[in-house]
Amino acid sequence: MANTDRTVEPSSAEARTALRKRPAAIFGASPMDGIAWPCGLGTPRRRTYSNQTVPYEDMRDDRKRAQETITAWAERYGLRRSTKGCCPQWLQRRVSRRCSSGTCVRYDPPRHDASWLDHMVAWLHGGKPAVLTSAPYGVSQESHARLSWWTEADSRLRVSRGVGWYGFRTTQIVMWRSDILGVVEPAERPEPFFLRD
Ligand SMILES: [Zn+2]
């Protein structure tokens, strides 16, 4: 496939290969982008890019920074993405298994945990459910209450908040199993210049 991106770095083919291997180990491979990035983190295509206010090159570079941030963060904690993780009930299990039909607190009504799990990524450590990360645009009173409820209901669960990788003025929520990983800090990266106030 022809690549018309004006990629400046990495300069060598070896470095480019290394950059693909690291996220491939975490997210798996995909025929589309090479890497099965979580929703919103794929590299935008110039041909289909339609944002009128942010130049393509700026958005492409921003998504690459987001990809680097999420990859480094996952490596720091020894995590791999799970495609089965659905909600905090998944996090409570010893094996990675989706909630059965009608019981998921994210996908099934009344969907108590859907709001704060916007842009969610589920993570495995040693093959076991270990972390959920999300990137909502805001956290409602109900969501605050749900986060407190989970940590009170299950003493293994902890929550931290930060900036994360997603961008676009979202906030990051990390919910993790403290019996597996101790402390998990949110990833940090500055908003790109085109989104700063
Ligand atoms: Zn669920």
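In this text the structure is predicted, and so the values were computed from the model without any measurement. (Residues numbered from 1 in each chain as written. Predicted model: local features only at pLDDT ≥ 70, side-chain atom pairs only at ≥ 80, totals over all residues.)

Observations regarding helix α2 (residues 56-77)
Move 1: A rise of 1.5 Å per residue sets the reference length of α2, with its 22 residues, at 32 Å; its end C-alpha atoms lie 32 Å apart and thus fit the reference within 8%.
Move 2: Of all the residues in α2, the buried ones are D62, A66, Q67, I70, T71, W73 and A74.
Move 3: Two residues or fewer after α2 comes G78, characterised by a positive phi angle close to 65 degrees. (Helix = DSSP H or I, 4+ residues; strand = E, 2+ residues; numbered from the N terminus. Expected span 1.5 Å × (residues − 1). Buried ≥ 20, exposed ≤ 12 C-beta atoms within 10 Å, placed from the backbone.)

Notes on unusual backbone geometry
Move 1: Going from P109 to P110, the amide bond is cis rather than trans, its omega being 5 degrees.
Move 2: Along the polypeptide, P110 turns up in the loop between α3 (88-91) and β4 (121-125).
Move 3: The backbone phi angle of R111 is positive, close to 50 degrees, even though this residue is not glycine.
Move 4: Within the secondary structure, R111 sits in the loop between α3 and β4.
Move 5: Residue R111 is classed as partly exposed on the basis of its 13 C-beta neighbours within 10 Å.

Examining the pairing of strand β7 (residues 172-177)
Look at any regular strand and the pattern is simple: side chains alternate between the two faces of the sheet.
Move 1: Within β7, six of the six residues are buried, which leaves it mostly tucked inside the rest of the structure.
Move 2: What you see with β7 is no split at all: Q172, V174 and W176 on one side and I173, M175 and R177 on the other are buried throughout.
Move 3: Two strands pair when backbone bridges link them, and strand β5 (residues 128-134) and β7 are joined in this way by four bridges, in the antiparallel orientation. Bridging from a neighbouring strand, V131 pairs with W176 of β7.
Move 4: The sheet contact formed by strand β6 (residues 157-162) and β7 spans six bridges and is antiparallel. Residue V159 lies in a different strand from β7, and its bridge partner there is M175. (Pairing = 2+ DSSP bridges.)

Brief notes about the domain arrangement of the protein chain
Move 1: Partitioning the protein chain into domains gives domain 1 (13-78) and domain 2 (81-181).
Move 2: Placing the centre of domain 1 and that of domain 2 at their C-alpha centroids yields a distance of 23 Å.
Move 3: Opposite the 12 residues of domain 1 that make contact, domain 2 presents nine residues.
Move 4: Elements with a minimum of two residues in the side of domain 1 that touches domain 2: α1 (13-27) and α2.
Move 5: Among the elements that make up the side of domain 1 that touches domain 2, the one with the highest residue count is α2 (six residues).
Move 6: Tallied by class, residues from the side of domain 1 that touches domain 2 come to eight nonpolar, three polar and one charged. (Domains from an automatic or database assignment. Contact = placed C-beta atoms within 7 Å. Nonpolar A, V, L, I, M, F, W, Y, C, P; charged D, E, K, R; others polar.)

Details of the sheet that holds β4
Move 1: Pairing is antiparallel in the open sheet, where five strands are placed in the order β3-β4-β5-β7-β6. Two strands bound the open sheet, and with one partner strand each, they are β3 (80-82) and β6. Ignoring which end each strand starts from, the neighbouring axes of this sheet average 30 degrees apart. (Axes fitted to C-alpha atoms, helices over the stretch in contact; angles between N-to-C directions.)

A closer look at the nonpolar core
Move 1: Counting residues in hydrophobic clusters, the biggest one holds 34 residues, and the most contacted among them are I70, W123, V131 and M175.
Move 2: At the level of secondary structure, the elements contributing two or more residues to this core comprise α1, α2, α3, β4, β5 and β7.
Move 3: Looking at which domains feed residues into this core, each of domain 1 (13-78) and domain 2 (81-181) supplies at least three. (Core = buried A, V, L, I, M, F, W, Y, C linked by C-beta atoms within 7 Å.)

A look at helix α4 (residues 141-153)
Move 1: Taking 1.5 Å of rise per residue, 13 residues should cover 18 Å, and α4 covers 18 Å from first to last C-alpha, within 8% of that figure.
Move 2: Looking only at α4, the buried set comprises S143, R146 and W150. Considered in projection along α4, the buried side chains sweep an arc of 55 degrees and stay on one side of the axis. Of the residues in α4, the exposed ones pointing more than 90 degrees away from the buried face are Q141, H144, A145, S148 and E152. (Arc of directions from axis to C-beta.)

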